[in-house]
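Spelled out from the first residue to the last, the chains are:
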Amino acid sequence: MSRQVAMKIHRFIGAFSFEKDQVTLTDPALVHQMGRVLRLQVGESVILCDGQGTDAQGVIESMDRKTVIVHIQERRANASEPTRHVTLYLAILKREHLELAVQKATEVGVCEIIPLITARTIKQNANMERLQTIAREAAEQSGRGRVPVVHEPMSFEQACKQRSKNEDSFFFYL
């Protein structure tokens, strides 16, 4: 009795254009991830997402150290995006905890993440580039069609003033 193993189709989110049936990827980090880290081969299927809610499934046509060419077979709207726009205001935590909170918030469908500086915040800043990378990777992993925006930190007072533009606001206080 033989067993077939289902191969995972890897997802990548980026500024892709699906106007043509072929996409040429030249971002060095993405090409490195596909070729060296994941060891994808010519003929393997991938899903490219433009970050605006459109997914395109395709097959790798060719790849070298600097470029990957993907032939697009099917385009579709991403069905994994939440219907409500949720903004999470999150007090800045120590590094690992803040990164985990951004990852999990992305996975559950948060659309915007705003780090807060509160009266008891010890750490006053955050590595915004790292947090945006974590949000993108979590969005890829969870099948989302959009990457949440991670805003620059703001004070609690600024967040209270800004909340008036939100449809609903909920505060959790211990």
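Q: Describe in detail the overall build of the protein chain, supporting the description with residues and values.
A: Tallying secondary structure elements over the protein chain gives four helices and nine strands in all. The helix and strand sequence of the protein chain, counted from the amino end, reads β-β-α-β-β-β-β-α-β-α-β-β-α. In terms of overall dimensions, the protein chain has C-alpha extents of about 55 × 40 × 30 Å along its principal axes. The 174 residues of the protein chain split such that 36% are buried. Considering only contacts within the protein chain whose residues lie at least 6 apart along the sequence, 65% involve residues at least 24 apart.

Q: How would you sum up the sheet that holds strand S3 (residues 45–49)? Please name residues and give values.
A: Strand order across the open sheet formed by five strands is S1-S3-S4-S5-S2, with mixed pairing between neighbours. Each edge of the sheet is formed by a strand with only one pairing partner; in this case those strands are strand S1 (10–13) and strand S2 (22–25). Averaged over all adjacent pairs, the angle separating strand axes in this sheet is 35°, with direction ignored. The pairing of strand S4 (residues 54–63) with strand S5 (residues 68–77) spans nine bridges and is classified as antiparallel. If you follow Val 59 over to S5, its bridge partner there is His 71.

Q: Go over helix H1 (residues 28–37) with me, naming the residues and quoting the values.
A: Along H1, the residues that are buried comprise Leu 30, Val 31 and Met 34. Considered in projection along H1, the buried side chains sweep an arc of 100° and stay on one side of the axis. Exposed and oriented more than 90 degrees from the buried face of H1 are Pro 28, Ala 29 and Val 37. On the buried face of H1, the contacting elements are S1, S2, S3, S4 and S5. The first or second residue beyond H1 is Arg 39, which carries a positive phi of 55°.

Q: A description of the packing of helix H2 (residues 95–108) against helix H3 (residues 128–142) should follow, citing residues and the corresponding values.
A: Contact pair H2 / H3: the axes reach a minimum separation of 8 Å and the direction vectors enclose 35°. You can see that H2 and H3 cross each other, and the crossing is right-handed. Of the residues in H3, those in contact with Leu 98, Glu 99, Val 102, Gln 103, Thr 106 and Glu 107 of H2 are Arg 130, Leu 131, Ile 134, Ala 135, Ala 138, Ala 139 and Ser 142. Split into classes, the residues belonging to the contact of H2 with H3 amount to seven nonpolar, three polar and three charged.

Q: Which residues make up the environment of Asp 64, and what values do they have?
A: Residue position: Asp 64 is located in the loop between S4 and S5. Along the backbone, Asp 64 and Glu 81 are 17 residues apart, and their C-alpha atoms lie at a distance of 33 Å. At 2.8 Å, the side chain of Asp 64 forms a polar contact with the backbone nitrogen of Lys 66. Among the polar contacts made by the side chain of Asp 64, one reaches the main-chain amide nitrogen of Thr 67 at a distance of 2.8 Å.

Thresholds, definitions, all that
- Going along each chain's sequence as written, the residues are numbered from 1 onward.
- Restriction of local features to residues with pLDDT of at least 70 applies here, the model being predicted, together with a cutoff of 80 or more for giving and counting side-chain atom pairs; totals for whole chains, interfaces and linings are based on all residues.
- To get the side-chain values, all heavy atoms of the structure are used, and hydrogens and water are removed first.
- Strands are runs of DSSP state E lasting at least 2 residues, helices are runs of H or I lasting at least 4, and numbering of each runs from the N terminus.
- Relative accessibility under 20% of the residue-type maximum defines a buried residue, over 50% an exposed one, and the middle range a partly exposed one, all with a 1.4 Å probe and only protein chains included.
- For this analysis, residues touch if any pair of their heavy atoms sits within 4.5 Å.
- Any two strands are treated as partners once DSSP identifies two or more bridges connecting them.
- Axes, fitted as lines to C-alpha atoms, cover a helix only where it is in contact. Angles between the N-to-C directions of the axes lie from 0 to 180 degrees.
- In this context, the arc is that of the directions from the helix axis out to the C-beta atoms.
- A clockwise turn of the near helix away from the far one marks a right-handed crossing, whereas an anticlockwise turn of less than a right angle marks a left-handed crossing.
- Asp, Glu, Lys and Arg are counted as charged, while Ala, Val, Leu, Ile, Met, Phe, Trp, Tyr, Cys and Pro are counted as nonpolar; the rest, among them Gly, fall into the polar class.
- In protein, a polar contact requires one atom able to donate a hydrogen and another able to accept it; more generally it is a pair of N or O atoms within 3.5 Å, and residues adjacent in sequence count only if both atoms are side-chain atoms.

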